[in-house]
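Architecture and fold: a report
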Amino acid sequence: MAVAAEAAIDVRDLSKRFGRLAAVDGVSFSVAQGEIFGLVGPDGAGKTTSMRMLASVMRPDAGSIRVDGVDVVADPDLAKRHVSYMPQRFGLYDDLTVDENIRFYAELFEVPGRAWRERAQRLLAASGMTPFGKRLAGQLSGGMKQKLGLTCALVHAPRVLLLDEPTTGVDPVSRREFWQILYSLRADGVSMVISTAYLDEAERCDRLALLNRGRVMYCDTPAGLKRKLPGAIVHIASNRPRELLEIVRGQDGVDGVLLVGDGLHVHVDSAARRIPELTKAIAQTGVEASEVTTIEPNIEDVFVVLLEQQQRAA
Amino acid sequence: MDPARAPSIVVDGLSKRFGSFSALHDVSFNVERGEIMGFLGPNGAGKSTLIRVLCGLLRPSDGRATVAGIDVVEDPEAVRRRIGYMSQRFSLYNDLSVVENLRFFGGIYGVAGRPLDERIQFAVEMAGLKGRESDLVATLAGGWKQRLALGCAILHQPATLFLDEPTSGVDPSSRRRFWNLIHELSADGVSVLVSTHYMDEAEYCTRIALIADGRLIALGTPHDLKRRSIGGELLELACGDIGSALDLVVAVPGVRDAAVYGNALHLLVDDAEGVAATVCGWLAGHGLPGATVRRIAPSMEDMFVYLVRASRAPQPAGVAA
Amino acid sequence: MRIRRIVAIARKEALQVVRDPRSLMIALLLPLMQMFLLGYGVNLDIKHIPLCVVDQERNQQSQDLLKRFAASRYFEIHEVAGTVARAGHLIDNGDCRLAVVVPLGFSRNLVDQAAATVQVLVDGTDSNTATIAAGYAASLIAGYSSDVQLEAIQRRGGQVQTLSPINVQARVWFNEDLESSYFIIPGVVALVMAIVGAQLTSLTIAREWERGTMELLVSTPVTPIELMLGKLCPYFLIGLFDAAICLALAVGWFGVPFRGTVVTLFATTSLFLLVVLCIGYYVSVTIRSQVGASQIALILTMLPTTLLSGFSFPIDQMPPAVQAVTYLVSARYYVTILKAVFLKGATVPELALPILFLAIYAAVLVTLAARSFRKTLD
């Protein structure tokens, strides 16, 4: 990819240890202007620690971070003015109202009075929260807290936004609305790093880094990652999937079988070759299978397979 | 009805109110023997409240519930003797070892002597912790703790298992391994009621109940639910300039709704084939050539969002059935 | 340093205090409670000591002696016991502190041998009270004794010079009635300020850590100094308000004379407030749990102030090693200042030394507190 403009965020060999544990171990990635970048991985992968170092809330043991042209490690105070950070618990004051929370953060960033009031009004309207201005933040639902947290993060119009697991536990409807807000920010050229443990959310990012045990396993677009998956995923629909389990597992070219509620997901090396073979083997058992078709792999399938590959190589 | 064939859990018109807040409203369902019933819904939907009522920890405001044929209000102690419960945060003792935890929970459930030793061995093997029995729980990673917690919950061989968000904070491989264990238990006839807010875990369950705002908004197998109407069909549109495409595409006849999804648009349409045939040409005609479109299956989340919106919309009863 | 940020933090903190029942209780209820509890509860005067008498002689002389005890305001006759055994029993079960026994043959001994003994039994479990009670009893008896002597001499027809060689004229300065409350109450004011001040600020930083808002605060451009100044402002104002309440109660309710100036009082109180607020702030920064910070802050202020500030026990009666330690107790200087301002009407120049110590203390603590806060999570 041609480097048209300087990357909004550039991370090189970032590391952080806690005692003997290497929470972040040589992580590198870069985020282009106006891109939504995902840091994806399970708990303990190093997402939150990485985010905290990007927000200069924690000091790295090694490595460099440049955000909007500023060296974060050397000049954290300057970096903080360019970046907006929304931590996992949103950073809201439960005993202050929606308006008071927004005002507080606006003042901390010294945003001129008229500018932040206007911006706040717009953001609240977009989230459908205009009537809740005088409501205490502690009395808002999870989805509304999330939107308020985002509003507070956006009130000083940052060019870079860091969101640490902002959708955990939030209802799917609010989650969708949240992503629509992120997409409109993207259209305005804001660069975002969003960390999530929901692998299905990874699909919504422009590019993502799969993290595991403090290291970046892969870094690519969602489609690119799916292409990396060798072979294909075949879905066998059956209401007695357990009886098919052993037979399927024993077949040639089958790399992994996952039991799902209404059948099996089978990872094969080649759909074209194995589907007929599977269909025949299943027919021989006498158990009825209504479908044997290829389905599109999701990010979780990719993650599990790639992780197993890595472990086998080690 | 033959007791061996009777449903493990029967819930009928269950409601629970905390003051003026209605945490559960008129919830009814059964769980058959050996079934894995998944409760999907966001935080605050009422999943934990439901599990607590069924464990006899909360009294319902209205309705009835029986577990293993015993009414949860009349005899909660008897209910608790027959169920296993795994809580959200695993509730293991970090400063005790694996086997010390198992002994403790065994003692609480009244399992002792030779039977306890056998069950402990079973739990250790199930969790894959053979050789690590003396390790402190604090040194175990998330996936191990989770399997150990499951082991602690089944020492007394309960016929019914309640799992409250058992897979929070666990890596995907461990999650899959955990679900394999659940499937093995269910094959042995244990009924499992699982609550989760991961939509994709619905695939692992025999049947799913979607719960939002304290109400049951859908009940069925994953297969059935995904084939249900979400008010249309889904198309995925990929093109260069999503922003402009979004503004244009909503004007295409037959397109009910459009939203950005990563680098593409998801369109909700009445007739997938019809719209697919025309939309690319239409966009090209308006200055956006090179768009491609394909049909995609709705995800569980699509289903959920549609149902929640329908249930919240002010409509006459019977729409979301 | 940006004023706007300091104001924003002060405003947020003020709103939170007003809406938090726990903080409000500490700010408003605690001072009142302590003033009343300690003001009335701590009373070092010894009066109305319960006494029982055993009169085995039962004649004019013994009754004369015992009437003096009955008339004294230091004693109160609880029971006229029949036997010494009964008196002993009353002391054992705490009904009486003291028993006076006039034995058989008291008056004849007085006449024949010119000397007689009176037995005084004292409950020594509280040695402080026992010493004082025994002393009162002894002086009463001594008074009676010299009167008896006088009478005897006069009966023999002698002339007696009733002038005793040394005439003691005692004048008590500053506290004429020797009201212990006059020196207790200013000490209570110091105690209240110390506890309340430290408690209020001990919660402030710890609360932000516990609620997860600190993480976000640290990612903003706000500096540690701005944070500290902004957070201390509302508590400083509350502290001064509490000082005003305590002053009003001391003078208006407890009747402690106030001979100094209000300006001196508030100037020195402000200095002390700064010290205790910084103690609480420092504890809050170091201990990231609200409960823990609150307890440590209480221990650091209440114990030294109660025991080592001169509030209840005079410093110059303490062993030298302990006296040296009291120099480290900031409340010591404040208690000295308060007593001086209330009872002696002292002015700032007269109080230069304790004020200087307090100022040094304040400077050290402000620096410590400001430096202790790091803008990183690790």
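Each value, and the rule that gives it
Residues numbered from 1 in each chain as written. Chains lettered and ligands numbered in written order. Predicted model: local features only at pLDDT ≥ 70, side-chain atom pairs only at ≥ 80, totals over all residues. Helix = DSSP H or I, 4+ residues; strand = E, 2+ residues; numbered from the N terminus. Contact = placed C-beta atoms within 7 Å. Rg over C-alpha atoms; globule rule 2.2 N^0.38 Å. Buried ≥ 20, exposed ≤ 12 C-beta atoms within 10 Å, placed from the backbone. Pairing = 2+ DSSP bridges. Axes fitted to C-alpha atoms, helices over the stretch in contact; angles between N-to-C directions. Parallel < 35°, antiparallel > 145°, perpendicular 65-115°, else oblique. Left-handed = near helix turned anticlockwise from the far one by under 90°. Nonpolar A, V, L, I, M, F, W, Y, C, P; charged D, E, K, R; others polar. pLDDT = per-residue confidence, 0-100. Core = buried A, V, L, I, M, F, W, Y, C linked by C-beta atoms within 7 Å. Expected span 1.5 Å × (residues − 1).

1. Section: the overall build of chain A
- Helix and strand content of chain A: 10 helices and 14 strands.
- If you line up chain A on its principal axes, its C-alpha atoms span 75 × 45 × 40 Å.
- Contacts in chain A between residues far apart in sequence, at least 24 positions, make up 71% of those at least 6 positions apart.

2. Comments concerning the overall build of chain C
- In terms of helices and strands, chain C carries 14 helices and four strands.
- Compactness check: chain C gives a C-alpha radius of gyration of 29 Å against a globular reference of 21 Å for 378 residues, more than 25% above the reference.
- Principal-axis analysis of the C-alpha atoms places the extent of chain C at approximately 100 × 45 × 40 Å.
- By the burial criterion, 39% of the 378 residues in chain C qualify as buried.
- Of all intrachain contacts in chain C linking residues separated by at least 6 positions in sequence, the fraction that spans at least 24 positions is 78%.

3. Side note on the sheet that holds strand 14 (residues 291–295) of chain A
Residue and element names in this part refer to chain A.
- Within the open sheet, the four strands sit side by side as 12-13-11-14. Their pairing is antiparallel. Every other strand in the sheet has two partners, leaving strand 12 (254–260) and strand 14 as the edge strands with one partner each. This sheet shows a mean twist of 25° between the axes of neighbouring strands, independent of strand direction.
- Relative to strand 12, helix 8 (residues 241–250) is tilted by about 175°, and along the sheet it contacts strand 11 (232–237), strand 12 and strand 13 (263–268).
- Strands in contact with helix 9 (residues 271–285) are strand 11, strand 13 and strand 14; relative to strand 11, the strand with the most contacts, it is inclined by about 25°.

4. Thoughts on unusual backbone geometry
All names here are of chain A.
- Phi is positive for Ser-56, which is not a glycine, with a value near 55°.
- Assignment of secondary structure puts Ser-56 in the loop between helix 1 (47–54) and strand 4 (62–67).
- Its identity is not glycine, yet Asp-68 carries a phi of approximately 55°, on the positive side.
- Mapped onto the elements of the fold, Asp-68 is located in the loop between strand 4 and strand 5 (70–71).
- Overall, Asp-68 belongs to the partly exposed group, with 19 C-beta atoms counted inside 10 Å.

5. Comments concerning the interface of chain A and chain B
- Contacts between chain A and chain B engage 32 residues on the former and 35 residues on the latter.
- Examining the composition of the side of chain A that touches chain B, we find that six residues originate from one element, helix 6 (residues 172–187) of chain A, more than from any other.

6. Overview of the packing of helix 2 (residues 21–41) of chain C against helix 9 (residues 224–253) of chain C
All names here are of chain C.
- Their axes nearest at 10 Å, the elements helix 2 and helix 9 cross at an angle of 30°. The angle between helix 2 and helix 9 places the two elements in the roughly parallel class. The two elements helix 2 and helix 9 cross, and the hand of that crossing is right-handed. Seen from helix 2, the contacting residues are Ala-27, Pro-31 and Met-35; seen from helix 9, they are Ile-238, Asp-242, Ile-245, Cys-246 and Leu-249.
- For the contact of helix 2 with helix 9, a count of residues per class yields seven nonpolar, no polar and one charged.

7. A closer look at the pairing of strand 3 (residues 36–40) of chain B
Residues and elements named next belong to chain B.
- Most of strand 3 is tucked away, with five of its five residues classed as buried.
- Covered by surrounding structure in strand 3 are Ile-36, Gly-38 and Leu-40 together with Met-37 and Phe-39, the residues of both alternating faces.
- With four bridges connecting them, strand 3 and strand 9 (residues 207–212) associate as parallel partners. Its bridge partner lying in strand 9, Gly-38 is registered against Ile-208.

8. Some points on the packing of helix 10 (residues 299–313) of chain A against helix 6 (residues 172–187) of chain B
- Axis separation between helix 10 of chain A and helix 6 of chain B bottoms out at 9 Å; the angle between their running directions is 100°. Comparing their axes, helix 6 of chain B and helix 10 of chain A come out roughly perpendicular. Residues Glu-300, Phe-303, Val-304 and Leu-307 of chain A of helix 10 of chain A pack against Pro-172, Ser-173 and Arg-176 of chain B of helix 6 of chain B.
- The class makeup of the residues in the contact of helix 10 of chain A with helix 6 of chain B is four nonpolar, one polar and two charged.

9. Focus: the interface of chain A and chain C
- Contacts between the two partners involve 22 residues from chain A, matched on the other side by 21 residues from chain C.
- Of the residues forming the side of chain A that touches chain C, the biggest block, four residues, is contributed by helix 3 (residues 98–108) of chain A.
- Looking at side-chain class alone, the side of chain A that touches chain C contains 10 nonpolar, two polar and 10 charged residues.

10. Regarding the environment of Asp-220 of chain A
Residue and element names in this part refer to chain A.
- Looking at where Asp-220 falls in the secondary structure, it is placed in strand 10 (residues 215–220).
- Of the residues examined, Asp-220 has 15 C-beta atoms within 10 Å and is grouped as partly exposed.
- Separated by 145 residues in sequence, Asp-220 and Asp-75 have C-alpha atoms that sit 30 Å apart.

11. Remarks on the sheet that holds strand 2 (residues 75–81) of chain C
Residue and element names in this part refer to chain C.
- Read from one edge to the other, the open sheet built from four strands follows the order 2-1-3-4, with strand pairing classed as mixed. Two strands lie at the open edges of the sheet, namely strand 2 and strand 4 (119–122), each paired on one side alone. Going across the sheet, the axis of each strand differs from the next one's by a mean of 25°, ignoring polarity.
- Note: strand 1 (residues 49–55) against strand 2, six bridges, orientation parallel. Directly across from Val-53, in strand 2, lies its bridge partner Val-80.
- Of the strands in this sheet, strand 1, strand 3 (98–102) and strand 4 touch helix 6 (residues 127–155), which is tilted by about 160° from strand 4.

12. So, the confidence of the model for chain C
All names here are of chain C.
- Mean pLDDT over chain C works out to 84, with 92% of the residues at or above the 70 mark.
- Across chain C, the secondary-structure element scoring lowest on mean pLDDT is helix 5 (residues 106–113), at 78, and the one scoring highest is helix 1 (residues 3–19), at 92.
- Reported confidences for the modelled complex are a pTM of 0.79 and an ipTM of 0.79.

13. A closer look at the pairing of strand 9 of chain B
All names here are of chain B.
- Burial of strand 9 is extensive: six of the six residues sit out of reach of the surface.
- Covered by surrounding structure in strand 9 are Arg-207, Ala-209 and Ile-211 together with Ile-208, Leu-210 and Ala-212, the residues of both alternating faces.
- Connecting strand 9 to the next strand, strand 10 (residues 215–220), in antiparallel fashion are two residues, including Asp-213 with a positive phi near 55°.

14. Brief notes about the environment of Val-170 of chain B
- Tracing the chain through its elements places Val-170 of chain B in the loop between strand 7 (160–164) and helix 6.
- On the basis of neighbour counts, which here come to 24 C-beta atoms within 10 Å, the residue Val-170 of chain B falls in the buried class.
- As a C-alpha pair, Val-170 of chain B and Thr-278 of chain B span 108 residues in sequence and 45 Å in three-dimensional space.
- Residues contacting Val-170 of chain B, with those up to four places away along its chain left out, are Pro-42 of chain A together with Gly-142, Gly-143, Gln-146 and Arg-175 of chain B.

15. Structural notes on the nonpolar core
- One finds Leu-162 of chain A together with Ala-190 and Met-193 of chain C to be the most contacted residues of the largest nonpolar core, which totals 153 residues.
- Contact partners of Leu-162 of chain A, with chain neighbours within four places excluded, come to Met-51, Leu-54, Ala-55, Val-83, Ser-84, Tyr-85, Met-86 and Val-193 of chain A.
- Counting 87 residues, the second largest nonpolar core, distinct from the first, contains Ala-45, Val-98, Leu-155 and Ile-217 of chain B.

16. Let's talk about helix 10 (residues 300–312) of chain B
- If you check helix 10 of chain B, its first and last C-alpha atoms are 18 Å apart, about what 13 residues at 1.5 Å a residue would give, namely 18 Å.
- Residues of helix 10 of chain B that are buried: Met-300, Met-303, Phe-304, Val-305, Tyr-306, Leu-307 and Val-308 of chain B.
- Among the structural elements, helix 6 of chain A together with strand 3, strand 9, strand 10 and helix 7 (222–226) of chain B are those in contact with the buried residues of helix 10 of chain B.

17. Re the environment of Ser-191 of chain A
- By the secondary structure assignment, Ser-191 of chain A is in strand 8 (residues 191–196).
- Setting aside anything within four residues of it in sequence, one finds Ser-191 of chain A in contact with Ala-8, Ile-9, Val-31, Gln-33, Gly-34, Glu-35, Arg-159 and Val-160 of chain A.

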